Amino acid sequence: QVQPVESGGGSVQAGGSLGLSCAPSRRTFYNYDLGWYRQTPGKDREFVAGIRWNGGTTYRDSVRGRFTISRDDARNTVNLQMNSLRSEDTAIYYCNARPRGQMWSRNDYGYWGQGTQVTVSS
């Protein structure tokens, strides 16, 4: 069983940038699809960006062109670079690892990190 652990996050003003990183505390991300989700109080966890085991990427419409997801299988990490941040990007961000081929819309599937807070002030 793989256990993701997030790092990064923090506070930034609108228009700024932040980077998130995730690595497994045990085992490896190799052969998993990897994603980032976010959640705000009172709302369901929502998909942000995902990268398949073969490098294919998918983004939520509201972050496309601003966020970039990448994976480094040699270093066993998945990263999310967030640019042009907006106040509505404020949330707890979760790293997810799941067996290959599952739909990103399933927000309760696979293995989850503890989350890291991102706060964007306007």
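Analysis parameters
- Residues numbered from 1 in each chain as written.
- Predicted model: local features only at pLDDT ≥ 70, side-chain atom pairs only at ≥ 80, totals over all residues.
- Heavy atoms only, no water.
- Core = buried A, V, L, I, M, F, W, Y, C linked by side-chain atoms within 4.5 Å.
- Buried < 20%, exposed > 50% of the residue type's maximum accessible area, 1.4 Å probe, protein only.
- Helix = DSSP H or I, 4+ residues; strand = E, 2+ residues; numbered from the N terminus.
- Contact = heavy atoms within 4.5 Å.
- Pairing = 2+ DSSP bridges.
- Axes fitted to C-alpha atoms, helices over the stretch in contact; angles between N-to-C directions.
- Phe/Tyr/Trp six-rings, centres within 6.5 Å; stacked < 30°, edge-to-face > 60°.
- Lys NZ or Arg CZ within 6 Å of the ring centre and 35° of its normal.

Asker: When you look at the nonpolar core in this model, what are you seeing that I'm missing?
Answerer: The tendency in soluble globular proteins is for nonpolar side chains to be buried as a group. Membership of the largest hydrophobic core comes to 26 residues, with the highest contact counts inside it found for Trp 36, Val 78, Leu 80, Met 82 and Tyr 93. For this core, the element with the most residues is strand S9 (residues 91–99), which contributes 4 residues. Leaving out residues up to four positions away in the same chain, Tyr 93 has contacts with Glu 6, Leu 20, Trp 36, Tyr 37, Arg 38, Val 48, Phe 67, Leu 80, Met 82, Gly 115, Thr 116 and Val 118. In terms of nonpolar packing, the next biggest core, distinct from the first, is built from 5 residues, Tyr 37, Phe 47, Tyr 94 and Trp 112 among them.

Asker: So what exactly am I meant to see when it comes to the sheet that holds strand S3 (residues 18–24) here?
Answerer: Whenever strands of a sheet pair, they do so through backbone hydrogen bonds, lying parallel or antiparallel. With antiparallel pairing, 4 strands are arranged side by side in an open sheet as S1-S3-S8-S7. Either end of the sheet is taken by a strand with one partner, and the two such strands are strand S1 (4–8) and strand S7 (67–72). Between one strand axis and the next, the sheet turns through 20 degrees on average, direction left out of account. With 5 bridges connecting them, S1 and S3 associate as antiparallel partners. Note on S3: the bridge partner recorded for Ser 7 is Ser 21.

Asker: What's the story with the environment of Arg 86 in this structure? I'm lost.
Answerer: By the element assignment, Arg 86 lies in the loop between strand S8 (77–82) and S9. Classification of Arg 86 by relative accessible area gives partly exposed; the value is 36%. C-alpha of Arg 86 to C-alpha of Gly 42: the two residues are 44 residues apart in sequence and 19 Å apart in space.

Asker: Before we go on, may I ask you to explain the packing of aromatic side chains in this structure?
Answerer: Centre-to-centre distance and the angle between the planes together describe a pair of aromatic rings. Under the defined criterion, the tally for this structure stands at 4 aromatic pairs. A ring pair is formed by Tyr 37 and Trp 112, whose centres lie 5.0 Å apart and whose planes are at 70 degrees; its orientation type is edge-to-face. Taken as a pair, Tyr 37 in strand S4 (residues 32–39) and Trp 112 in strand S10 (residues 111–112) lie far apart in primary sequence, 75 residues in all. On the basis of relative accessible area, Trp 112 is assigned to the buried category, the value being 15%. For the ring pair Phe 47 and Trp 104, a centre distance of 5.4 Å and an interplane angle of 25 degrees mean the geometry is stacked. Note that Phe 47 is positioned in strand S5 (residues 46–51) and Trp 104 in the loop between S9 and S10, a separation of 57 residues in sequence. Take Phe 47 and Trp 104: they sit in the same class, and that class is buried. Put simply, the rings of Tyr 37, Phe 47, Trp 104 and Trp 112 pair up and form one aromatic cluster. For Arg 45, the ring lying beneath its charged end belongs to Trp 112, and the centroid distance is 3.7 Å. For the cation-ring pair, Arg 100 lies above Trp 53, with the distance from its terminal atom to the ring centre recorded as 3.7 Å.

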